[in-house]
2 protein chains.
Amino acid sequence: MKDNNDMPGHLARRFQQIAVAVFLGEVADAGFDLTPVQYAALATIKANPGLDQVTLAGLIAYDRTTITGVIDRLVQKGLAERRASSRDRRARELEITEEGRRTLRKITPAVESAQRVMLRGLSAKEGEELMRLLRKAIAAGNELSRAPLRGVQA
Amino acid sequence: MKDNNDMPGHLARRFQQIAVAVFLGEVADAGFDLTPVQYAALATIKANPGLDQVTLAGLIAYDRTTITGVIDRLVQKGLAERRASSRDRRARELEITEEGRRTLRKITPAVESAQRVMLRGLSAKEGEELMRLLRKAIAAGNELSRAPLRGVQA
DNA sequence: GGATATTGATCAGTATGCTGACTATCAGTA
DNA sequence: TACTGATAGTCAGCATACTGATCAATATCC
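Remember, predicted model here, so these are calculated numbers, not experimental data.

Student: Can you help me understand the overall build of chain A in this one?
Tutor: When you go through chain A residue by residue, the secondary structure sums to 6 helices and 2 strands. Taking the principal axes of its C-alpha atoms as reference, chain A extends roughly 60 × 35 × 25 Å. For chain A, buried positions account for 50% of its 154 residues. When contacts within chain A are restricted to residue pairs at least 6 apart in sequence, long-range pairs at least 24 apart make up 53% of them. Carbon and sulfur atoms form 50% of the exposed surface of chain A, whose accessible area is close to 7900 Å².

Below, the structure is given as structure tokens:
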């Protein structure tokens, strides 16, 4: 019988599980308390000042109902701000704070270190190949989840 | 600046996200309501009758606090049973029910189909290579998460 | 044998993710 | 302009995952 641990879905879950643990560990060692999800959101807000929540969700493939809580926590930590949009009264414009910028700057080495640690069993070439295959599989399956990746629209 | 979407951690999250969506979709199409996590637990209980919860958690790399809820739901659906152990009065012995066996049997084609769909962007050779690299990275990082994989002990 | 340490299970609390519903608003059209 | 449909954000509810604590029972050590 085929072992459960040999199925792609199970390997996906397990690798993600380790990736999150490594990220949290490295970031905690650096003295910060930020989840992978919060980090990605904050970095994307910094790169796209004033964007709204739906756009942010699309850029990092989060569900729009998940983004609400993530931003709540970024705001609560003083790392980001949520403002009413002047163009569309339904939308909220997101901005990173000075504190958020400082945090991103100081946390970067830990984040990069985490990426290395989670691939530590692989050679550099294998790491590259793993990322290439993941990107390819993800591109083909993008529309299959409720929260697909969406590039910036015109 | 390095794009967030190019980091291994982000790719891991995204692939897992798609894998879960595909699994749930295929299983729902087959007329069942079972999560990937519940499926793995049930299949492992079937393969190891009478095992306790900690052992089960180790075999599929779940946190022991997570397993409680998962089994609650399997029991509630009538697919598994939780009995007091005679050897160790702290432990619970897990068994699959007839209904659980039937469900596993009927759900297998959907589960296998899901594994194919989540790799549909890759050639057969690439799919194999992705799985090999994931297994290797996971093996090296096994101890880094709170819920490592644990083989059956003597 | 009795103190101590460890272990199996559960619980409270927090953070993703999702489904589905809802409100407010905007956009397009008859 | 009034109607219709789509969109931004939020909420309730459920299912993983994890941290850290607790309780009961077992193992270990002096």
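Student: Can you walk me through the protein's contact with DNA strand D in this structure?
Tutor: As a matter of local geometry, DNA strand D sits amid 27 residues, with V54, R90 and R92 of chain A together with R73 and R146 of chain B nearest to it. If you list the elements that add at least two residues to the surface near DNA strand D, you get α1 (8–29), α3 (53–60) and α4 (64–76) of chain A together with α2 (36–47) and α4 (64–76) of chain B. Here the surface near DNA strand D takes 5 residues from α4 of chain B, the largest share from any one element. Split into classes, the residues belonging to the surface near DNA strand D amount to 5 nonpolar, 9 polar and 13 charged.

Student: I keep staring at the environment of T68 of chain B and nothing clicks. Help me out?
Tutor: Residues and elements named next belong to chain B. With respect to the element layout, T68 can be found in helix α4. Given the relative accessible area of 35%, T68 is considered partly exposed. Considering only alpha carbons, one finds T68 and V54, 14 residues apart in sequence, at a separation of 9.8 Å. What T68 contacts, discounting residues up to four positions off in sequence, is Q53 and R82.

Student: I would appreciate a short explanation of the relation of the copies chain B and chain A in the present structure.
Tutor: Mapping between the two chain copies consists of a rotation about an axis together with a translation along that axis. For the match of chain B to chain A, the screw axis carries a shift of 0.0 Å, the RMSD comes to 0.0 Å, and the turn is 180 degrees. Considering both components of the superposition, the chain copies are consistent with a two-fold axis. For chain B, the residue whose C-alpha comes nearest the rotation axis is L130 of chain B, separated from it by 3.1 Å. When the interface residues of chain B are mapped onto chain A, 100% of them again fall at the interface, so both copies present the same face.

Student: What exactly am I supposed to notice about the packing of aromatic side chains here?
Tutor: Within a pair of aromatic rings, the relevant descriptors are the distance that separates the centres and the angle that separates the planes. Residues and elements named next belong to chain A. Tallied over the entire structure, the rule returns 2 aromatic pairs over all chains. Pairing F23 with Y39 gives two aromatic rings, centres 5.9 Å apart and planes at 55 degrees, and the pair type is tilted. Separated by 16 residues along the polypeptide, F23 in helix α1 and Y39 in helix α2 (residues 36–47) bring together distant segments of the chain. Judged by its relative accessible area of 4%, F23 falls in the buried class. What makes Y39 buried here is its relative accessible area of 8%.

Student: Please explain α2 of chain B as it appears in this structure.
Tutor: Owing to its 3.6 residues per turn, the α-helix aligns residues three or four sequence positions apart on the same side. An ideal rise of 1.5 Å per residue puts 16 Å on 12 residues; α2 of chain B measures up with 17 Å between its terminal C-alpha atoms. Regarding α2 of chain B, the residues found buried are Q38, Y39, A40, A41, L42, A43, T44 and I45 of chain B.

Student: How should I be thinking about the protein's contact with DNA strand C in this particular structure?
Tutor: Taken together, 27 residues sit near DNA strand C, with R73 and R146 of chain A together with V54, R90 and R92 of chain B positioned nearest. The sugar and phosphate moieties of DNA strand C supply 72% of its atoms located within 4 Å of the protein. Take Q17 of chain B: an N or O atom from its side chain is 3.1 Å from a phosphate oxygen of DNA strand C. Contact between DNA strand C and T68 of chain B: a phosphate oxygen at 3.4 Å from a side-chain N or O atom of the residue. Those elements that provide at least two residues to the surface near DNA strand C are α2 and α4 of chain A together with α1 (8–29), α3 (53–60) and α4 of chain B. By residue class, the composition of the surface near DNA strand C is 5 nonpolar, 9 polar and 13 charged.

Reading the values: the criteria
Residues numbered from 1 in each chain as written. Chains lettered and ligands numbered in written order. Predicted model: local features only at pLDDT ≥ 70, side-chain atom pairs only at ≥ 80, totals over all residues. Heavy atoms only, no water. Helix = DSSP H or I, 4+ residues; strand = E, 2+ residues; numbered from the N terminus. Buried < 20%, exposed > 50% of the residue type's maximum accessible area, 1.4 Å probe, protein only. Contact = heavy atoms within 4.5 Å. Areas by Shrake-Rupley, 256 points an atom, 1.4 Å probe, with all protein chains shown as cover. Near = heavy atom within 4 Å. Nonpolar A, V, L, I, M, F, W, Y, C, P; charged D, E, K, R; others polar. Least-squares fit on C-alpha atoms with pLDDT ≥ 70 in both. Phe/Tyr/Trp six-rings, centres within 6.5 Å; stacked < 30°, edge-to-face > 60°. Expected span 1.5 Å × (residues − 1). Polar contact = N/O pair within 3.5 Å; in protein donor to acceptor, adjacent residues only side chain to side chain.

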